[in-house]
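# Inside the fold
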Amino acid sequence: DSGVTQTPKHLITATGQRVTLRCSPRSGDLSVYWYQQSLDQGLQFLIQYYNGEERAKGNILERFSAQQFPDLHSELNLSSLELGDSALYFCASSVLAGGVNEQFFGPGTRLTVL
Amino acid sequence: AQSVAQPEDQVNVAEGNPLTVKCTYSVSGNPYLFWYVQYPNRGLQFLLKYITGDNLVKGSYGFEAEFNKSQTSFHLKKPSALVSDSALYFCAVRFLLPGTYKYIFGTGTRLKVLA
């Protein structure tokens, strides 16, 4: 158990809908990262927050947004969902912001868009 | 363009034999390199990283990796494979961009250790 929790475990929704994925980092970790893992695109880094501020941005679509709250949990919002958004979404956390530390991954949220 | 390549989709090795999982990268500057492992239905687990210093890095579960700057490679190795090492392995690179940084993961290599 990495200490990172993600809810929900599974999510099934329809095209055009909006969903919110939640992540709680390990105790003491200030950085949260979001990743998308799909069969055709592999593991893609989406975005990173450190202590409430956005620190690094990857291949995140404009339909997606994230935020980190004062209690350090983070939410990834996916809107206007398309079939191609079906994937496993991972959250990870680390102590620092610079990307030099190991990241601890949560178990993931499996999103299915029908 | 910045990239990370894991040229083998799958590697098969007999238990007790040495294993190598290959990773090459193409990024500007001095990248930080990582290996992660993913077991079925689980998130990724950190194995090891190279930031600077000794080119041979030792990590978890007896794994090690060798950084080769001239060949831009960071191959993962283990002297004696276990059946329990069977999993999906990802190489990752962290590199700098103006004012920020980015991660790229390889496509993953499935390691199968045969008893």
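This report concerns the structure included in the present document. All values derive from a computational prediction rather than experimental measurement.

## Description of the side chain of Q6 of chain A
All names here are of chain A. Position of Q6 relative to the elements: it lies in strand β1 (residues 5-7). Note on Q6: relative accessible area 5%, which makes it buried. Polar contacts involving the side chain of Q6 include one to the main-chain amide nitrogen of C91, which spans 3.0 Å. A polar atom in the side chain of Q6 sits 2.9 Å from the backbone nitrogen of G108. Filtering out sequence-adjacent residues up to four positions away, Q6 remains in contact with R22, C23, W34, Y89, F90, C91, G106, P107, G108 and T109.

## Examining the pairing of strand β2 (residues 10-13) of chain A
Residue and element names in this part refer to chain A. Residues of β2 alternate between two faces, with L11 and T13 buried on one and H10 and I12 left unburied on the opposite face. Sheet topology places β2 next to strand β11 (residues 109-113); 4 bridges connect them, and they run parallel. Within β11, the residue paired with H10 across the bridge is R110.

## What about the state of the cysteines?
Scanning the model with the defined rule gives 2 disulfides over all chains in all. Each sulfur in the disulfide pair C23 of chain A and C91 of chain A lies 1.7 Å from the other. The disulfide joining C23 of chain A to C91 of chain A has a torsion of about -45 degrees about its S-S bond and is therefore left-handed. Of this pair, C23 of chain A sits in strand β3 (residues 19-24) while C91 of chain A sits in strand β9 (residues 87-94), and the two are 68 residues apart along the sequence. Exposure remark for C91 of chain A: the relative accessible area of 0% places this residue in the buried category. With a sulfur-sulfur separation of 2.0 Å, C23 of chain B is cross-linked through a disulfide to C91 of chain B. Judged by the torsion about the S-S bond (-60 degrees), the C23 of chain B/C91 of chain B disulfide is left-handed. Of this pair, C23 of chain B sits in the loop between β3 (19-21) and β4 (24-26) while C91 of chain B sits in strand β10 (residues 87-97), placing them 68 residues apart in sequence.

Cut-offs used in this document
- Residues numbered from 1 in each chain as written.
- Chains lettered and ligands numbered in written order.
- Predicted model: local features only at pLDDT ≥ 70, side-chain atom pairs only at ≥ 80, totals over all residues.
- Heavy atoms only, no water.
- Helix = DSSP H or I, 4+ residues; strand = E, 2+ residues; numbered from the N terminus.
- Buried < 20%, exposed > 50% of the residue type's maximum accessible area, 1.4 Å probe, protein only.
- Polar contact = N/O pair within 3.5 Å; in protein donor to acceptor, adjacent residues only side chain to side chain.
- Contact = heavy atoms within 4.5 Å.
- Pairing = 2+ DSSP bridges.
- Disulfide = S-S within 2.5 Å.

Everything listed here is a matter of coordinates, which is why it stays silent on function.
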